[in-house]
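# Report on the structure
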Amino acid sequence: MGLGLIDIDAHNCMMLRAHQTPGNFELKKRNKTLVDHYIAVIKRYRKELLKLTDLVVADAFFSTRTFYEGIRAQGFHLISRFRDNAVLYYLYQGGPTGKKGRPRIKDGKIDVNKLDKSRMTPVVVDGMPGKAYTLLAYSKALKCKVRLVIWIMPNKKHKLFFSTDTSLTGEEVLDFYRARFHDIFK
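Residues numbered from 1 in each chain as written. Predicted model: local features only at pLDDT ≥ 70, side-chain atom pairs only at ≥ 80, totals over all residues. Heavy atoms only, no water.

Let's shift gears to the packing of helix α2 (residues 34–44) against helix α4 (residues 65–72). Their axes nearest at 10 Å, the elements α2 and α4 cross at an angle of 15°. Relative to α4, the element α2 lies roughly parallel. The way α2 lies across α4 gives a crossing that is right-handed. Packed against α2, whose contacting residues are V35, D36, Y38, I39 and I42, the element α4 presents T66, F67, G70 and I71 at the interface. Here the residues of the contact of α2 with α4 are counted per class, giving six nonpolar, two polar and one charged. (Axes fitted to C-alpha atoms, helices over the stretch in contact; angles between N-to-C directions. Helix = DSSP H or I, 4+ residues; strand = E, 2+ residues; numbered from the N terminus. Parallel < 35°, antiparallel > 145°, perpendicular 65-115°, else oblique. Left-handed = near helix turned anticlockwise from the far one by under 90°. Contact = heavy atoms within 4.5 Å. Nonpolar A, V, L, I, M, F, W, Y, C, P; charged D, E, K, R; others polar.)

Here you go:
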């Protein structure tokens with residue numbers, strides 16, 4: 001596991017620490033999962049990291065509720081990529097329904113093959129082929145609102161990037177992810 005500091009302006013990531021990932025036998029012996037191990041590493045360096053940022057950029061393996069809640073408990077937001085078949089919903093924009101219970105959050109499932117572009121804002125990022133759109137959405141896996149960026153590549157395939165810090169723009173989400181994992185955009 002590598003802990004790095006991302007320089008958005010230089011589009012670069014400088015490694016701060018490296019941690020040897022234990023093998024399956026060692027994890028089993030400790031009664032931990034790989035995700036538990038990574039959360040523990042972040043927790044160990046929490047104070048130093050929070051002096052620099054409250055954002056953790058991780059690959060798609062970490063777009064799980066367990067990892068998100070583990071780092072959220074330490075004061076961090078997550079920027080990552082969902083699996084291509086993630087279940088995401090548009091946010092309900094209407095007023096109160098007048099019914100009992102908690103307020104309505106979701107307003108229809110997002111189908112990347114039939115996007116409702118009236119609910120999205122185009123994202124323009126230099127050097128990124130295809131088209132990208134951003135919106136606030138609800139993630140079924142994370143059970144929270146996210147800043148979602150949908151990248152439609154020239155070959156019509158798509159990638160789904162997100163941040164649990166919904167104050168970030170779509171451009172910022174892509175900038176952070178690209179600075180850490182630049183080879184995905186080639």
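From this point, things continue past the structure.
Sheet topology note: the strand β5 (residues 88–91)/strand β8 (residues 131–139) ladder contains three bridges and is antiparallel. Opposite Y89, over in β8, you have Y138 as the bridge partner. Strand direction decides the pairing type here: β5 and strand β6 (residues 106–109), joined by two bridges, are antiparallel. What sits directly across from L91, in β6, is K106. (Pairing = 2+ DSSP bridges.)

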